[in-house]
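# Secondary and tertiary structure notes
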Amino acid sequence: MKILIVEDNSRVSALLKRGLESQGYQVYIAEEAEEGLVLLERIDFELIITDIMLAAMDGITFCKKIRQAGKKTPIIMLTALGTIDEKIEGFDAGADDYLVKPFEIRELYARVKALLQRKHDSGNTFEETAQIVYNDLILDKRTKVIYREGQTINLTPKEFNLLYFMMQNPERLLTRDEIADNVWGNNFDTGTNYIDVYIAYLRKKIDKGFDQKLIHTKVGMGFILSNKL
C-alpha cells in the first residue's frame, strides 16, 4: 500500500518514512503541498499524512484541494497545536483523522491501520445509490449537496458524513459512541465535544427556518433524526 507524507521537516519525514516502511508500506515524501498534489496526479495512494504548518500552501488548503478534486483518499493531519477550533477546521477541510505532535509512532501505526481498514470495509457502497430521502430532506451522495423543500444546503465534509450516518439510521437513537465510531473512526477522542458542536452546526443548516425540526437531542443519551418529536 502506498502512503504519501507531506512534511517540510526532513527529520520528521525521515522518521515517519522509516517507521511506516517497517510496517510494510511503500512511502513517498513531498516537502511541499504543491509537490504532493503533483504526486497525487501520478500515483494512486491509499492514504495521505500531512502536516498543517507547511510553507506556501498549508495543510488545510492542501486537504481542501484534494477533496475538491474528488479524491476520497483518507487523510491524517499532523500538528504541533491541537485546539478544538483547529481540529474542527481540519475535519471541515476533509481530514479523516488528527494527531498532535509529539505522538508515539505506534499510535500513528494504529491510526493508519484503522483508516485503511475503514476504507477497505466501505468499498464503493457509498456510491451505489444516488440519493437518500427522509421526510422533505434529500441527500445527494454524488454532488454532496442537501436539499430541503427545494432549498439547497451546502455542508462541510464532516457535516455531510454525520448527516449521512443519521439518514442511514432514521428514527433510531444514536449514542455519541456510535457516531464517533462511524463518522470519526475508532480513534476518536470521546472526551471532546466535537459531536455536540457538529450537531449544532447541522441544526443551524438543516432545521433553522423550517417548521418541522428533524434533529433532536435526548439529554444524556444521544441524538435522533425524526419527524415525530
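Residues numbered from 1 in each chain as written. Predicted model: local features only at pLDDT ≥ 70, side-chain atom pairs only at ≥ 80, totals over all residues. Heavy atoms only, no water.

## Notes on the packing of helix H7 (residues 176-184) against helix H8 (residues 194-206)
The geometry of H7 relative to H8 is characterised by a closest axis approach of 10 Å and an angle of 80° between their N-to-C directions. Classified by the angle between their axes, H7 and H8 sit roughly perpendicular to one another. The residues of H8 that touch H7, namely those facing Arg 176, Ile 179, Ala 180 and Trp 184, are Tyr 194, Ile 195, Asp 196 and Tyr 198. When grouped by side-chain class, the residues that make up the contact of H7 with H8 number six nonpolar, no polar and two charged. (Axes fitted to C-alpha atoms, helices over the stretch in contact; angles between N-to-C directions. Helix = DSSP H or I, 4+ residues; strand = E, 2+ residues; numbered from the N terminus. Parallel < 35°, antiparallel > 145°, perpendicular 65-115°, else oblique. Contact = heavy atoms within 4.5 Å. Nonpolar A, V, L, I, M, F, W, Y, C, P; charged D, E, K, R; others polar.)

## Side note on helix H3 (residues 59-68)
Taken together, the buried positions of H3 are Gly 59, Ile 60, Phe 62, Cys 63 and Ile 66. Relative to the axis of H3, the buried residues are bounded by an arc of 160° and lie together on one face. Capping the start of H3 is the job of one residue whose side-chain oxygen sits 2.9 Å from the backbone nitrogen of Ile 60: Asp 58. Positioned one or two residues after H3, Gly 70 has a phi angle of 85°, which is positive. (Buried < 20%, exposed > 50% of the residue type's maximum accessible area, 1.4 Å probe, protein only. Arc of directions from axis to C-beta. Polar contact = N/O pair within 3.5 Å; in protein donor to acceptor, adjacent residues only side chain to side chain.)

## Digging into the sheet that holds strand S7 (residues 137-140)
With respect to topology, four strands assemble into an open sheet ordered S6-S7-S8-S9, the strand pairing being antiparallel. The two strands at the open ends of the sheet, each matched to only one other strand, are strand S6 (131-134) and strand S9 (151-154). Shown here is a sheet whose adjacent strand axes are inclined to one another by a mean of 20°, direction ignored. When S7 meets strand S8 (residues 145-148), the two strands line up antiparallel, connected through four bridges. Residue pairing across strands places Asp 140 opposite Val 145, the latter belonging to S8. With respect to the sheet, helix H6 (residues 157-168) is in contact with S6, S7 and S8, its orientation differing from that of S7 by roughly 120°. Packed on one face of the sheet, H8 meets S7, S8 and S9 and runs near 160° to S9. (Pairing = 2+ DSSP bridges.)

## Re the packing of H3 against helix H4 (residues 84-93)
When two helices pack together, their arrangement is given by the angle between the helix axes and the distance between those axes. Two numbers describe how H3 lies on H4: the axes approach to 8 Å, and their chain directions differ by 20°. When the axes of H3 and H4 are compared, the pair comes out roughly parallel. When H3 is examined against H4, the residues Ile 60, Cys 63, Lys 64 and Arg 67 are found in contact with a partner set consisting of Glu 89, Gly 90 and Ala 93. Residue composition of the contact of H3 with H4, grouped by class: three nonpolar, one polar and three charged.

## Thoughts on the pairing of S9
The pairing of S8 with S9 spans four bridges and is classified as antiparallel. What sits directly across from Val 145, in S9, is Asn 154. Two successive antiparallel strands, S8 and S9, enclose a turn made up of two residues, where Glu 149 displays a positive phi of approximately 50°.

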